[in-house]
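This is what each chain is made of:
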Amino acid sequence: MGANDSLRTAFLSALAELERTVTSEEHAAVIARVRDAGYDVLDEHATNEALIEARDEQIAAQVELLSHVELPLLQVRKSALCVPLVGEFDSFRTAEIIHRLLAAAIARRVTTVVIDLTGALFRDISTAVELARVFQALRLIGVRGVLSGVPPGLAPWLADAQEPLRGVPCFADLADALAEDQRRKAP
């Protein structure tokens, strides 16, 4: 039973009790006006409840869509995946990216993942360091990580996080990273 049904049941119960106890016609007219106003309020409440439910469903659908759009996993070659990161990153979003990226790298059986930070914004060093750890995770599953498009403001933070980035090739832009990976794979 929904909130509106509970409210309607309580109202009708109270109204029935009132109608049983009131005997004068003058009071009966007042009760009729109260009943009509109550039905109006119940109808408005039901409409509002339906609008809120529809809005919540729309928001959930938009969140689902954004989660797929915010982390495009672009298969640029059979063996290479490119991940252009765009927008602001926090701990939650970074953890989600790491999880989805590792799962995609395994599922698609790639040997190289290029993470492009050209459009990424990090507000604190801990989030950037968390993202840098994805390269350690990639190594653990046998995938070569490549970094491109490091913004000047982020470079000092990543330089401080030396261990996770040890041995990770870094390039000024995505084109250079992909060209280097192609040269590396050429016979």
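Notes on the structure in this doc start here. (Residues numbered from 1 in each chain as written. Predicted model: local features only at pLDDT ≥ 70, side-chain atom pairs only at ≥ 80, totals over all residues. Heavy atoms only, no water.)

1. Brief notes about the side chain of Thr 112
Relative to the elements of secondary structure, Thr 112 occurs in strand β3 (residues 112-122). Look past the residues within four positions of Thr 112 in its chain and what remains in contact with it is Ser 79, Ala 80, Leu 81, Val 143, Arg 144, Val 146, Asp 181, Arg 184 and Lys 185. (Helix = DSSP H or I, 4+ residues; strand = E, 2+ residues; numbered from the N terminus. Contact = heavy atoms within 4.5 Å.)

2. So, helix α1 (residues 3-21)
For α1, with 19 residues, the first-to-last C-alpha span of 27 Å sits near the 27 Å given by 1.5 Å per residue. Within α1, the full set of buried residues consists of Asn 4, Phe 11 and Leu 15. For α1, the buried positions fall inside an angular range of 35° around the axis, keeping them on one side. Structural note: α1 exposes Arg 20 and Thr 21 on the side pointing more than 90 degrees away from its buried face. (Expected span 1.5 Å × (residues − 1). Buried < 20%, exposed > 50% of the residue type's maximum accessible area, 1.4 Å probe, protein only. Arc of directions from axis to C-beta.)

3. Considering the pairing of strand β2 (residues 80-89)
Of all ten residues in β2, seven are buried, a share of seventy percent or more. With three bridges connecting them, strand β1 (residues 74-77) and β2 associate as antiparallel partners. The residue bridging Gln 75 from the neighbouring strand is Leu 81, located in β2. In this structure, the hairpin formed by β1 and β2 is closed by a connection of two residues. Where β2 and β3 come together, nine bridges link them in parallel fashion. The residue of β3 that forms the bridge with Ala 80 is Thr 112. (Pairing = 2+ DSSP bridges.)

4. Brief notes about the packing of helix α3 (residues 91-108) against helix α4 (residues 125-140)
Pairs of packed helices are described in terms of their axes, by the angle between the two and the distance that separates them. Taken N-terminus to C-terminus, the directions of α3 and α4 make an angle of 15°; their axes are 9 Å apart at the nearest point. Judged by the inter-axis angle, α3 sits roughly parallel to α4. In terms of crossing hand, the pair formed by α3 and α4 is right-handed. Here Ser 91, Thr 94, Ile 98, Leu 101, Leu 102 and Ala 105 of α3 come into contact with α4, specifically with Thr 127, Glu 130, Leu 131, Val 134, Ala 137 and Leu 138. Residues that form the contact of α3 with α4 fall into these classes: eight nonpolar, three polar and one charged. (Axes fitted to C-alpha atoms, helices over the stretch in contact; angles between N-to-C directions. Parallel < 35°, antiparallel > 145°, perpendicular 65-115°, else oblique. Left-handed = near helix turned anticlockwise from the far one by under 90°. Nonpolar A, V, L, I, M, F, W, Y, C, P; charged D, E, K, R; others polar.)

5. Some points on the environment of Leu 71
On the secondary structure map, Leu 71 appears in the loop between α2 (25-69) and β1. Sequence separation between Leu 71 and Arg 93 is 22 residues; the distance between their C-alpha atoms is 9.9 Å. What Leu 71 contacts, discounting residues up to four positions off in sequence, is Val 83, Leu 85, Ile 97 and Arg 100.

6. Structural notes on the nonpolar core
If you look at the biggest cluster of nonpolar residues, it comprises 30 residues, and the most contacted ones within it are Leu 85, Val 113, Ile 115 and Leu 117. Where this core is concerned, the elements lending two or more residues are β2, α3, β3 and α4. Residues Val 114, Val 146, Phe 171 and Leu 178 belong to the second largest nonpolar core, which totals five residues. (Core = buried A, V, L, I, M, F, W, Y, C linked by side-chain atoms within 4.5 Å.)

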